[in-house]
4 protein chains.
Amino acid sequence: MSASERVVIVNFKTYLESSGARAVVLARICESVADETGVTIVVAPPMPDLASVIAAVTIPVFSQHADDLKPGSTTGHVALENILASGAKGTLLNHSERRLRISDISSLVGNAKRNGLSTVVCTNDLPVTRACAGLEPDFVAIEPPELIGGDMSVTTANPEIVSESVRVAKKAFPGVKVLCGAGVKTGEDAAKAIELGTNGVLLASGVVKASDPKRVLLDLAAGVQR
Amino acid sequence: MSASERVVIVNFKTYLESSGARAVVLARICESVADETGVTIVVAPPMPDLASVIAAVTIPVFSQHADDLKPGSTTGHVALENILASGAKGTLLNHSERRLRISDISSLVGNAKRNGLSTVVCTNDLPVTRACAGLEPDFVAIEPPELIGGDMSVTTANPEIVSESVRVAKKAFPGVKVLCGAGVKTGEDAAKAIELGTNGVLLASGVVKASDPKRVLLDLAAGVQR
Amino acid sequence: MSASERVVIVNFKTYLESSGARAVVLARICESVADETGVTIVVAPPMPDLASVIAAVTIPVFSQHADDLKPGSTTGHVALENILASGAKGTLLNHSERRLRISDISSLVGNAKRNGLSTVVCTNDLPVTRACAGLEPDFVAIEPPELIGGDMSVTTANPEIVSESVRVAKKAFPGVKVLCGAGVKTGEDAAKAIELGTNGVLLASGVVKASDPKRVLLDLAAGVQR
Amino acid sequence: MSASERVVIVNFKTYLESSGARAVVLARICESVADETGVTIVVAPPMPDLASVIAAVTIPVFSQHADDLKPGSTTGHVALENILASGAKGTLLNHSERRLRISDISSLVGNAKRNGLSTVVCTNDLPVTRACAGLEPDFVAIEPPELIGGDMSVTTANPEIVSESVRVAKKAFPGVKVLCGAGVKTGEDAAKAIELGTNGVLLASGVVKASDPKRVLLDLAAGVQR
């Protein structure tokens, strides 16, 4: 993705609405909106559906997590090399629901880069955003935990934290792209995120649990392009 | 599976030899041997390949692990409901490379039963085998950690621990089936495991890293049927 | 402790009311009640206060937790050998606030026995109680998590689970002593626990946060002796 | 401690040589060397001995670890408020044997500051050193894991990583003091660490397992003062 690109990442989490066959259905909706709007939409399906979603769509598919260990005798874990073998283009790391050790994030970001995988490191506050941006991932995604899954977008609840996070992150690593998560649901929220200096949004329930995900995605895509 | 059935479970671990497209290839080899021999062969592919392997074969596919949590806001984890949605028939639990808390194993075994999923709880010694069999899973798989991935089968290195484990497990829960892992590589090893009272074998590198996995699987299938 | 002994274990948790110098004060109150009543009272102070509490009282002092690892290059952990070196007589294991892997509980119970340390394994339901009793610890302590720290004693809320736990635990290991926790606050609760077949109670906030801990302890001691 | 001070931190780890009564003995030796030389010597005894060591010496005593949680219903953990109540002056965080999540380190460093506790964040490489220094702890301690407990000091094995770490850390937070660990054993090693721009050393086995710890400490104290 070029630095100028606007991006919407849809985290399917482990919702039943986006698990199994429904993961493929939702990924295809995301793909159709990406095709219609030209906005980059990335999907991060539940772990067991990663390869099957990848087989079904042409948009980038990311893992929700990776463990900092070698492929091989590590049953029940997921190495970067495994998601690469399955065709993933990148991975979320350090999501608030799956926090990682700093030494593991550092190692994973470095290994991902060597393997051509993109990384999105989730962060919760300014010091953590600065620390993680300094590890030089492709993206940091700011998600104040108290707003995740809530009704109010971080861009409305706390616009200063968004613009300040962008400033802090770019200062630590000018090449980093910043995403904004937590409570983002509408094109309005997404447009606000872009105005505040981000490259786009990371969201989950706003799309996954929508009665009409395509309508929501079209709205978000319009928002990030404004 | 009926109690009289003999079973071979192939744990693909996170080996690159059994990851991504190669997971599907290996699963198909397992399927062909199951078809030719009538032996039940179960495969447990890397997490990201679960659904795509399920789509490719008709033999039972198990997850390598499940987390004791609800599907939904649990990014980067895998709930039983997710592997069920992906079409899995069961899951390994408490593998030596992914040990679980006793309260989580208990909860997972109960939830799996309610969801029609089979469980294979891995154990390392007699007290743990007794404790886990008492939770009433479908299988316990005895794998002394010091023998895993090694050159000598547990059936040769320590036949008493196998027969004693069978005794202890069945006493704790008469309905449990016992598998034998750790170092198992040949039909001879498998036949010995059956003689010692088990219902079959759980193995990984012996198949995954074999130059001719089909030959090894045919040998194992013949072994468990002896 | 002989099998006939009645016991009250006071878990200081990490409450500030029972931390630092106040840990020593509370332990001395427990000691005075033990002296006055003849009931065995065991205290489990916060980790940093273990040795200093041991130096201050003659009643048994237990650790709240131990890690299943070797003493040595394991900074920030606590091996059984460390709590032994500090003079502890035993340890709680698998508290609901610090659950352990089944293989670690098994290893810790065995090592504690070899080192002359008592073990109290906390459990949450019948299958886990049976599993843990089968590991042959000195005590299992039944604490349904939904009742911990609550207003109603498990002996009132669910007396059947207490008597059934005693039955299940003794069947798995006749030598085990059973304690009852979760919501226990009064001598009445303690007496009921004894009636239901236990050897005593494990409690925390009921003593730690009492305005007059001595009065509460005297009441509990009378309860377990009824 | 003023920025100009030179410091030696002795991590007792969980060695039996520095556990229980022997923790107090070793802490007193450290105290005598601090008194004789004027060098600040900090000790970090095993968790169970924290308060008893604090009662025995006047030099600063640090915890080896703290959990990012509230004191109270958190059995078997250690909150900052607990080590504060026990009289500790600070804590190590993120030791290679007890790595922490980045969000926890950030939260702990902030809370420690508010509570007047010093923090020493251990790091393993340049990106992690920069990330952790940016959280504004009192100290970062560079310990390449491959050298910990080894025979060669990091100052000899890799002097560039030490001076480069100092540069990177001070750039991220000019107020941070840098310590150097891993393989440090002699006054020569310590003098080299000071030359390379650090404020002193963090070490363990070099003192704990020495046949004459006092002699080693006097040598180290002379080294950091050169």
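Residues numbered from 1 in each chain as written. Chains lettered and ligands numbered in written order. Predicted model: local features only at pLDDT ≥ 70, side-chain atom pairs only at ≥ 80, totals over all residues. Heavy atoms only, no water.

## A word on the side chain of Ser63(D)
All names here are of chain D.
Argument step 1. Position of serine 63 relative to the elements: it lies in strand E3 (residues 62-63).
Argument step 2. A relative accessible area of 0% places serine 63 in the buried class.
Argument step 3. Among all residues touching serine 63, those that are not within four sequence positions of it are Ala44, Met47, Leu50, Ile83, Gly90, Thr91 and Leu92. (Helix = DSSP H or I, 4+ residues; strand = E, 2+ residues; numbered from the N terminus. Buried < 20%, exposed > 50% of the residue type's maximum accessible area, 1.4 Å probe, protein only. Contact = heavy atoms within 4.5 Å.)

## Thoughts on the pairing of strand E7 (residues 177-180) of chain C
All names here are of chain C.
Argument step 1. What you see with E7 is no split at all: Lys177 and Leu179 on one side and Val178 and Cys180 on the other are buried throughout.
Argument step 2. Pairing of strand E6 (residues 139-142) with E7, which is carried by 4 bridges, proceeds in the parallel orientation. Residue phenylalanine 139 lies in a different strand from E7, and its bridge partner there is lysine 177.
Argument step 3. Inspection of the sheet shows E7 paired to strand E8 (residues 200-203) by 2 bridges, in the parallel sense. Pairing of cysteine 180 across the sheet is with valine 201, part of E8.
Argument step 4. In this region the chain leaves E7, passes through helix H8 (residues 187-195) and returns to the parallel neighbour E8; the handedness of that crossover is right-handed. (Pairing = 2+ DSSP bridges. Right-handed = clockwise from strand over helix to strand, strands pointing away.)

## Description of the interface of chain C and chain D
Argument step 1. In this assembly, 34 residues from chain C lie in contact with 34 residues from chain D.
Argument step 2. Between chain C and chain D the total buried area reaches about 2800 Å² when both faces are included, carbon and sulfur atoms providing 53% of it.
Argument step 3. For chain C, the biggest contributors to the area lost against chain D are Thr14(C), Pro48(C) and Thr75(C); these three give 26% of the whole.
Argument step 4. On the surface where chain C and chain D come into contact, there are 0 salt bridges.
Argument step 5. At the junction of chain C and chain D, the tally comes to 26 residue pairs in polar contact (both at pLDDT 80 or more).
Argument step 6. Within the residue set of the side of chain C that touches chain D, elements represented by two or more residues are helix H2 (50-56) and helix H3 (80-85) of chain C.
Argument step 7. In terms of residue count, the dominant contributor to the side of chain C that touches chain D is H3(C) (4 residues). (Buried area = accessible area lost by both parts, 1.4 Å probe. Salt bridge = Lys/Arg side-chain N within 4 Å of Asp/Glu carboxyl O. Polar contact = N/O pair within 3.5 Å; in protein donor to acceptor, adjacent residues only side chain to side chain.)

## Quick notes on a positive patch on the surface
Argument step 1. Judged by side-chain charge, Arg130(A), Lys171(A), Arg130(D) and Lys171(D) come together as a positively charged surface patch.
Argument step 2. Relative to the helices and strands, Lys171(D) resides in helix H7 (residues 159-172). (Patch = residues over 30% accessible without salt bridge, like charges linked within 9 Å, V, L, I, M, F, W, Y side chains within 5 Å. Areas by Shrake-Rupley, 256 points an atom, 1.4 Å probe, with all protein chains shown as cover. Lys, Arg positive; Asp, Glu negative; His and termini not counted. Charge placed at Lys NZ, Arg CZ, Asp CG, Glu CD.)

## A closer look at the sheet that holds strand E5 (residues 118-123) of chain C
Argument step 1. Strands sit in the order E2-E1-E8-E7-E6-E5-E4-E3 (chain C) across an open sheet of 8 strands; the sheet is parallel. Two strands close off the open sheet at either side, each with one partner strand: strand E2 (40-44) and strand E3 (62-63) of chain C.

## Quick word on the interface of chain D and chain A
Argument step 1. At the interface, 18 residues of chain D touch 18 residues of chain A.
Argument step 2. At the surface where chain D touches chain A, the tally comes to 6 residue pairs in polar contact (both at pLDDT 80 or more).
Argument step 3. Looking at the side of chain D that touches chain A, the elements with two or more residues in it are helix H4 (102-114) and helix H5 (126-133) of chain D.
Argument step 4. Counting residues per element, the side of chain D that touches chain A draws most heavily on H5(D), which supplies 5 residues.
Argument step 5. Tallied by class, the residues present in the side of chain D that touches chain A amount to 8 nonpolar, 5 polar and 5 charged. (Nonpolar A, V, L, I, M, F, W, Y, C, P; charged D, E, K, R; others polar.)

## Considering the sheet that holds strand E3 (residues 62-63) of chain B
All names here are of chain B.
Argument step 1. Reading across from one edge, E2-E1-E8-E7-E6-E5-E4-E3 is the order of the 8 strands in this open sheet, with parallel pairing throughout. Looking at the sheet topology across the chains shown, the edges are occupied by strand E2 (40-44) and E3.
Argument step 2. As paired elements, E3 and strand E4 (residues 90-93) share 2 bridges and run parallel to each other. By the bridge assignment for E4, serine 63 is matched with threonine 91.
Argument step 3. Those strands touched by helix H1 (residues 21-37) are strand E1 (7-11) and E2, and its axis lies near 170° from that of E2.
Argument step 4. Across the face of the sheet, helix H7 (residues 159-172) comes into contact with strand E6 (139-142) and strand E7 (177-180) while running at roughly 155° to E7. (Axes fitted to C-alpha atoms, helices over the stretch in contact; angles between N-to-C directions.)

## Considering the relation of the copies chain C and chain D
Argument step 1. Between chain C and chain D, the superposition needs a rotation of 180° and an axial shift of 0.0 Å, giving an RMSD of 0.0 Å. Here the symmetry operator amounts to a two-fold rotation axis.
Argument step 2. Taken as a fraction of all interface residues of chain C, those also at the interface in chain D reach 100%, which identifies the copy contact as same-surface. (Least-squares fit on C-alpha atoms with pLDDT ≥ 70 in both.)

## Quick word on the pattern of salt bridges
Argument step 1. Evaluation of the coordinates by the stated rule reveals 22 salt bridges over all chains.
Argument step 2. Notably, a salt bridge pairs Lys13(B) with Glu97(B), separated by 2.8 Å at the nearest N-O pair. In this pair, Lys13(B) is assigned in the loop between E1 and H1 and Glu97(B) in the loop between E4 and helix H4 (102-114), connecting sequence segments 84 residues apart. With respect to burial, Lys13(B) and Glu97(B) carry one shared label: buried.
Argument step 3. For Lys209(D), the salt bridge is made with Glu17(D), and the minimal N-O distance between the two is 3.3 Å. Of this pair, Lys209(D) sits in the loop between helix H9 (205-208) and helix H10 (213-225) while Glu17(D) sits in the loop between strand E1 (7-11) and helix H1 (21-37), and the two are 192 residues apart along the sequence.
Argument step 4. A residue is classified by how much of its surface remains accessible, and Lys209(D), at 47% relative accessible area, is partly exposed.

## Things to note about the packing of helix H5 (residues 126-133) of chain B against H7(B)
Residues and elements named next belong to chain B.
Argument step 1. H7 packs onto H5 with a crossing angle of 30° between their chain directions and a minimal axis gap of 8 Å. Classified by the angle between their axes, H5 and H7 sit roughly parallel to one another. Crossing angle aside, the handedness with which H5 passes H7 is right-handed. Residues Leu126, Thr129, Arg130 and Ala133 of H5 form the contact with H7, whose participating residues are Ile161, Glu164, Ser165, Val168, Ala169 and Ala172. (Parallel < 35°, antiparallel > 145°, perpendicular 65-115°, else oblique. Left-handed = near helix turned anticlockwise from the far one by under 90°.)

## As for the relation of the copies chain D and chain A
Argument step 1. For the pair chain D and chain A, the superposition axis carries a translation of 0.0 Å, the fit reaches an RMSD of 0.0 Å, and the rotation angle comes to 180°.
Argument step 2. Taken together, the interface assignments show that 100% of the residues at the interface of chain D recur at the interface of chain A, consistent with an identical surface on both copies.

## Description of the side chain of Asp189(B)
Residue and element names in this part refer to chain B.
Argument step 1. Counting through the fold element by element, aspartate 189 comes out in helix H8 (residues 187-195).
Argument step 2. Of the side chains bearing the opposite charge, lysine 185 lies closest to the buried aspartate 189, which forms no salt bridge; the N-O distance is 7.3 Å.
Argument step 3. Here the side chain of aspartate 189 touches lysine 185 through a polar contact of 2.9 Å, landing on its backbone nitrogen.
Argument step 4. Here aspartate 189 is in contact with Ser153, Thr155, Thr156, Gly183 and Val184, once residues within four sequence places are set aside.

## Notes on the pairing of strand E1 (residues 7-11) of chain A
Residue and element names in this part refer to chain A.
Argument step 1. Across the 5 residues that make up E1, a large majority, 5, are buried.
Argument step 2. Side chains Val7, Ile9 and Asn11 project from E1 onto one buried face, and the interleaved Val8 and Val10 project onto a second face that is buried too.
Argument step 3. Direction of pairing for E1 relative to strand E8 (residues 200-203): parallel, over a ladder of 4 bridges. Bridging from a neighbouring strand, valine 10 pairs with leucine 203 of E8.
Argument step 4. Handedness of the crossover is the feature at issue here: the chain leaves E1, passes through helix H1 (residues 21-37), returns alongside strand E2 (residues 40-44), and the resulting connection is right-handed.

## Side note on the arrangement of the chains
Argument step 1. Regarding chain A and chain C, which are not in contact, the minimum distance between any of their C-alpha atoms is 15 Å.
Argument step 2. Structurally, chain B and chain D remain out of contact, their C-alpha atoms never closer than 15 Å.

## Here we look at H10(D)
Residues and elements named next belong to chain D.
Argument step 1. In this model H10 runs 18 Å from its N-terminal to its C-terminal C-alpha over 13 residues, within 8% of the 18 Å that 1.5 Å per residue would give.
Argument step 2. Looking only at H10, the buried set comprises Pro213, Val216, Leu217, Leu220, Ala221, Gly223 and Val224. Buried residues in H10, looked at end-on, bunch into an arc of 160°, giving them a common side.
Argument step 3. Buried residues along H10 sit against E1, H1, strand E2 (40-44), helix H8 (187-195), strand E8 (200-203) and H9. (Expected span 1.5 Å × (residues − 1). Arc of directions from axis to C-beta.)

Everything listed is a geometric property; what it means functionally is a separate question.
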